Amino acid sequence: MNQAKNWPNGKRIAIAVTVMYETWSEGKAPSYTVQATGLKPGTIDHAGKAWSTYGTRNGIWRIIRNLDDNQVPATFFTNARCAEIAPESVKQIVASGHDLGGHNYTQDGLLTYMSDEEQQATISKSLDILTSVGGKRPTGWLSSVLAFTPETAGFLAKAGLKWHADVTYTDVPHKVQTASGIIAGVPNSDFTDSRVLRSSPNDLMDVYKNTFDYLYNNEPGSLLVVTLHAHFGGRPMIVSVFDQILKYFKKHPDVWFARHEELGDWALKQPVDEHNYQDRYFK
């Protein structure tokens, strides 16, 4: 059996749940919404601004409760501003045993628009706030909207982080070589709750169930990541389907429910930098 098929304790598949806990700068709103009718350019979208606050008000709590009820650990990629707005929620994430990952200061403050110095300052500020509020320093990071630069991974390694999730090109965790040392790259989901903003939440069940079945039956050693956004996925219509997904996964033996921190640790212990598909199944 090759290394890529050897999850801890001989588990057949790894499942990682990630939660995007996000907020926007004062006066800003998400570029997307559940509303089908757009406003004229230049108009303030008061409904969109209000919609985006659901995560800190209610959604984050419903997601934590559901994860706790199902006894499934998760990684919460958290804008540091959320910790300032709703500190009790961040404390509960840590108290419930979940991972707290860095996710910029605000969702619209993107690293790709920053100078090297500004990137490093944003990373440091975000980690310091999350540490102060959560009582535990994050070990990993996901850049908002995956808007990173070629230098970001090195800046994260320099900040002492062990892993990041700015990974769009591989299936399982791997090592990333940077000028500041090695950092693990851990994939996130390509299909999140935002894909069903204006359609049926049951599409999430179809996608994740079918993908799980294929990987479980055909590709031992695989990783499947399930992702929710607190301001949208924390609503009853999504959590009701999310609950079904988790319960379906839990019916199967040999499933490793892993936090991203654990997946990063696994990658860093591997004897090779990357297990690509060819190495996993053709050698």
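Here, the structure is the one placed above.
Residues numbered from 1 in each chain as written. Predicted model: local features only at pLDDT ≥ 70, side-chain atom pairs only at ≥ 80, totals over all residues. Heavy atoms only, no water.

Asker: Whenever I open this one, helix α2 (residues 54–70) confuses me. Can you help?
Answerer: Look at α2: 23 Å from first C-alpha to last across 17 residues, which is about the 24 Å you get at 1.5 Å a residue. At I60, α2 shows its largest kink, close to 30 degrees. (Helix = DSSP H or I, 4+ residues; strand = E, 2+ residues; numbered from the N terminus. Expected span 1.5 Å × (residues − 1). Bend = angle between axes of the 7 residues up to and from the residue.)

Asker: Looking at this structure, how should I read the pattern of salt bridges?
Answerer: Pairing between side chains of opposite charge can happen when their charged atoms approach one another. Tallied over the entire structure, the rule returns ten salt bridges. Between K209 and D213 there is a salt bridge, with its nearest N and O atoms 3.2 Å apart. Of the two residues, K209 and D213 are both situated in helix α7 (residues 202–218); the distance of four residues between them amounts to about one turn of the helix. Residue classification places D213 among the buried positions, given a relative accessible area of 19%. The partner of K247 in a salt bridge is D243, with the nearest N and O atoms 2.7 Å apart. (Salt bridge = Lys/Arg side-chain N within 4 Å of Asp/Glu carboxyl O. Buried < 20%, exposed > 50% of the residue type's maximum accessible area, 1.4 Å probe, protein only.)

Asker: Is there a simple way to explain a nonpolar patch on the surface in this structure?
Answerer: Taken together, the side chains of Y214, Y277 and F282 make up a nonpolar region of the molecular surface, amounting to roughly 370 Å² of accessible area. Using a relative accessible area of 45% as the deciding quantity, one classes Y214 as partly exposed. (Patch = residues over 30% accessible without salt bridge, like charges linked within 9 Å, V, L, I, M, F, W, Y side chains within 5 Å. Areas by Shrake-Rupley, 256 points an atom, 1.4 Å probe, with all protein chains shown as cover.)

Asker: Any chance you could explain the pairing of strand β7 (residues 181–185) here in plain terms?
Answerer: In the case of a regular strand, side chains alternate between the two sheet surfaces. Note: strand β5 (residues 163–164) against β7, two bridges, orientation parallel. Paired with H164 across the two strands is G185, which belongs to β7. Pairing of strand β6 (residues 174–178) with β7 involves five bridges; the strand directions are antiparallel. Along β7, the bridge assignment pairs K175 with A184. From the end of β6 to the start of β7, which pair antiparallel, there are two residues. (Pairing = 2+ DSSP bridges.)

Asker: Can you help me understand the environment of T18 in this one?
Answerer: Among the structural elements, T18 can be located in strand β1 (residues 13–21). With a relative accessible area of 0%, T18 lands in the buried category. A C-alpha to C-alpha distance of 30 Å links T18 and G38, two positions 20 residues apart in sequence. Dropping the residues within four chain positions of it, T18 is found in contact with T75, F77, N188, V225, V226, T227, L228 and H260. (Contact = heavy atoms within 4.5 Å.)

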